[in-house]
Amino acid sequence: MAFSIGRQARGSSPVRRVIPGFHLSLGFTLFYLGLIVLIPLSAVFLKTFSMSWEAFWATVTSERVMASYRLTFGASLLAALINVVFGGIVAWVLVRYKFPGKRVIDALVDLPFALPTAVAGITLATLYAPNGWLGQLLAPLGIKVAYTPLGILVALIFIGLPFVVRTVQPVLEEAEKELEEAAVSLGASHWQTFRRVTLPTILPALMTGFALAFARATGEYGSVIFIAGNMPMVSEITPLFMITKLEQYDYAGATAIAVVMLLLSFCLLLSINALQAWTRSKQNAGRE
């Protein structure tokens, strides 16, 4: 006798699922996403459509706005890449080694999550100012961090690190150490073991952490404005420029810049997700 779950014969009663409530939960999910995500984003586009194409293009391609794009997306990409490298190292140390104070360091990783962004910005600006604890050590070397694009990069690294660590850490905990031990026993060096065994395992998690850190960095405001200096054409980020537009009651101009940021961020994240899907398909093909 054949048993089937969730199937029905022709002309029989409707399908009954093992876990009930699918239609209700799906409807609630779509309603919640529409209320929280789609409606606000639609409002941004509708407000932008009130502008003429000439006004929209002039707003989003002005020299000052273009400079803010380059700084925002360039610093966000660089900060995310740095976090992938050093966040992966932090996750590796927390998972693979035992040492005194490990729990304290593990808790400190989450500090950027709990710390208000304005407090983080003020703290970083105080530390890296020319008369700050770290700034006065860098000043004789000709390195200026506070009130420069370098300060923006430091702030974005600070707020993005936990995303990479907390994404890679559980993957490393579940990774099979026996595979690494087998590779070493077969004569592979530590670098070969990492490149051929460990890295393919954690690569999707690293890419996810990169995407999360990048997405957080592009929209960061509170921790950046205090250390950036906010000098036009030098250290002015795009979110600050949108706030400036709002303070001038130029709501259409602010939403126009927001639409450009939204589209650019969506394209970059879509490319990252596509690359991540391709990587997983290659891994699955290799296992087969």
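Preceding this section is the structure that the text describes.
Along each chain, residue indices are assigned from 1 in the same order as the chain's sequence is written. Two thresholds apply to this predicted model, a pLDDT of at least 70 for residue-level local features and 80 or more for giving and counting side-chain atom pairs, whereas whole-chain, interface and lining totals are computed over all residues. Side-chain metrics in this entry use all non-hydrogen atoms of the structure; hydrogen atoms and water are not considered.

Another aspect to go through is the pattern of salt bridges. We define a salt bridge as a contact between a side-chain nitrogen of Lys or Arg and a carboxyl oxygen of Asp or Glu at a distance within 4 Å. Per the counting criterion, the structure on display carries five salt bridges. A salt bridge links Arg-166 to Asp-110; the shortest N-O distance between them is 2.9 Å. In this pair, Arg-166 sits in helix α8 (residues 149-174) while Asp-110 sits in the loop between α4 (102-109) and α5 (111-114), placing the two residues 56 residues apart along the sequence. Accessibility expressed as a relative area gives 25% for Arg-166, which makes it partly exposed. In this structure, Arg-216 and Glu-220 form a salt bridge, with 2.9 Å as the shortest nitrogen-oxygen distance. Each helix corresponds to a stretch of at least 4 residues labelled H or I by DSSP, and each strand to a stretch of at least 2 residues labelled E; elements are numbered beginning at the N terminus. Categorising residues by exposure relies on relative accessible area from a 1.4 Å probe, with only protein chains included: less than 20% of the type maximum marks a residue as buried, more than 50% marks it as exposed, and the intermediate range marks it as partly exposed.

Another point: the environment of Phe-241. Note on placement: Phe-241 falls in helix α12 (residues 238-247). Accessibility expressed as a relative area gives 8% for Phe-241, which makes it buried. Through-space distance from the C-alpha of Phe-241 to that of Thr-29 is 34 Å; in sequence the pair is 212 residues apart. The contact definition used throughout considers only heavy atoms, calling two residues in contact when any of these lie within 4.5 Å. Those residues in contact with Phe-241 that sit more than four places away from it in its chain are Arg-64, Val-65, Glu-236 and Ile-257.

Residue position: Ser-235 is located in the loop between α11 (222-228) and α12. For the purposes of these results, a polar contact is taken to be a pair of N or O atoms within 3.5 Å, where, inside protein, one atom must be able to donate a hydrogen and its partner to accept one; residues adjacent in sequence count only when each atom of the pair is a side-chain atom. A polar contact of 3.3 Å, which involves the side chain of Ser-235, links it to the backbone nitrogen of Asn-230. Apart from residues no more than four positions distant in its own chain, Ser-235 is found in contact with Leu-71, Tyr-147, Thr-148, Pro-149, Ile-152, Ala-228, Gly-229 and Asn-230.

With that settled, consider the nonpolar core. Counting residues in hydrophobic clusters, the biggest one holds 31 residues, and the most contacted among them are Val-60, Tyr-69, Val-168, Leu-172, Leu-206 and Ile-257. Those elements that place two or more of their residues in this core are α2 (53-60), α3 (63-96), α8, α10 (190-218), α12 and α13 (251-287). By residue number, the principal contributor to this core is α3, which donates eight residues. Residues contacting Val-168, with those up to four places away along its chain left out, are Ala-91, Ile-202, Ala-205 and Leu-206. Nonpolar cores are built from buried Ala, Val, Leu, Ile, Met, Phe, Trp, Tyr and Cys residues. Side-chain atoms within 4.5 Å join them into one set.

It is worth spelling out the packing of α3 against α4 at this point. Each axis is a line fitted through C-alpha atoms, and for a helix only the stretch in contact is used; angles between axes span 0 to 180 degrees, taken between their N-to-C directions. Look at α3 against α4: their axes get within 11 Å of each other, and the N-to-C directions meet at 145°. Here α3 runs over α4; the crossing is left-handed. Note on element contacts: α4 touches α3 through Lys-102, Ile-105, Asp-106 and Val-109, opposite Val-90, Leu-94 and Val-95. Under the scheme applied, nonpolar residues are Ala, Val, Leu, Ile, Met, Phe, Trp, Tyr, Cys and Pro; charged residues are Asp, Glu, Lys and Arg; polar residues are all the others, including Gly. Partitioning the contact of α3 with α4 into residue classes produces five nonpolar, no polar and two charged. Crossing handedness is read from the near helix: turned anticlockwise from the far helix by less than a right angle, it gives a left-handed crossing, and turned clockwise, a right-handed one.

Attention now goes to helix α1 (residues 22-48). Every helix has an expected span of 1.5 Å times one less than the residues it contains. Here α1 is 27 residues long and its end C-alpha atoms lie 37 Å apart, about the 39 Å a rise of 1.5 Å per residue gives. Throughout, the bend at a residue refers to the angle made by two axes, fitted to the seven residues ending there and to the seven starting there. The axis of α1 is deflected most strongly, by about 45°, at Gly-34.

It is worth spelling out the environment of Phe-28 at this point. Here Phe-28 is to be found in helix α1. Phe-28 gets classed as exposed once you look at its relative accessible area, which sits at 54%. The sequence separation of Phe-28 and Glu-220 amounts to 192 residues, and the corresponding C-alpha distance is 30 Å.

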